Amino acid sequence: MGTTNIILLGAIVGGMMSIDMGGPFNKAAYVFGTGALTAGTTSGQLVMASVMVGGMVPPWPSHSPRPSSRTSGPRPTATPAS
């Protein structure tokens, strides 16, 4: 396999690993990487290395958390009636 093809394939399977944690894309990329590794070639090792690096990248958040409407600090306490 050529260098360009290995880089492209590594980017694809690495991206598949990083977009979901434990989902179907992650599992498909891992199985593909394991299959490539069993071929015993340098290309297979590079593909599996890409899979492992992609699995270590945290997924991109689908949305950013919204700021809380509450103010920070202690809550006011009610004073007892006299």
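Use the structure listed above.
Residues numbered from 1 in each chain as written. Predicted model: local features only at pLDDT ≥ 70, side-chain atom pairs only at ≥ 80, totals over all residues. Heavy atoms only, no water.

Digging into the side chain of Asp 20
- Within the element layout of this structure, Asp 20 appears in the loop between helix 1 (3-19) and helix 2 (24-38).
- Although Asp 20 is buried, it makes no salt bridge; Lys 27 carries the closest opposite charge, 7.1 Å away.
- Here the side chain of Asp 20 touches Gly 23 through a polar contact of 3.2 Å, landing on its backbone nitrogen.
- With residues up to four places along the chain from it excluded, the contact list for Asp 20 reads Phe 25 and Asn 26. (Helix = DSSP H or I, 4+ residues; strand = E, 2+ residues; numbered from the N terminus. Buried < 20%, exposed > 50% of the residue type's maximum accessible area, 1.4 Å probe, protein only. Lys, Arg positive; Asp, Glu negative; His and termini not counted. Salt bridge = Lys/Arg side-chain N within 4 Å of Asp/Glu carboxyl O. Polar contact = N/O pair within 3.5 Å; in protein donor to acceptor, adjacent residues only side chain to side chain. Contact = heavy atoms within 4.5 Å.)

Observations concerning the packing of helix 1 against helix 2
- At a minimum axis distance of 7 Å, the contact between helix 1 and helix 2 shows a crossing angle of 140°. With respect to their mutual orientation, helix 1 and helix 2 come out oblique. As helix 1 packs across helix 2, the resulting crossing turns out to be left-handed. Of the residues in helix 2, those in contact with Leu 9, Val 13, Met 16, Met 17 and Ile 19 of helix 1 are Phe 25, Asn 26, Ala 28, Ala 29, Tyr 30 and Phe 32.
- When its residues are assigned to classes, the contact of helix 1 with helix 2 shows 10 nonpolar, one polar and no charged. (Axes fitted to C-alpha atoms, helices over the stretch in contact; angles between N-to-C directions. Parallel < 35°, antiparallel > 145°, perpendicular 65-115°, else oblique. Left-handed = near helix turned anticlockwise from the far one by under 90°. Nonpolar A, V, L, I, M, F, W, Y, C, P; charged D, E, K, R; others polar.)

Some points on the packing of helix 2 against helix 3 (residues 42-56)
- Viewed as axis vectors pointing N to C, helix 2 and helix 3 meet at an angle of 155°, and their least axial separation amounts to 7 Å. On the basis of the axis angle, helix 2 is roughly antiparallel to helix 3. Viewed along their axes, helix 2 and helix 3 form a crossing whose handedness is left-handed. Of the residues in helix 3, those in contact with Ala 29, Tyr 30, Phe 32, Gly 33, Thr 34, Ala 36 and Leu 37 of helix 2 are Gly 44, Gln 45, Val 47, Met 48, Val 51 and Met 52.

Geometric values such as these leave the question of function open.
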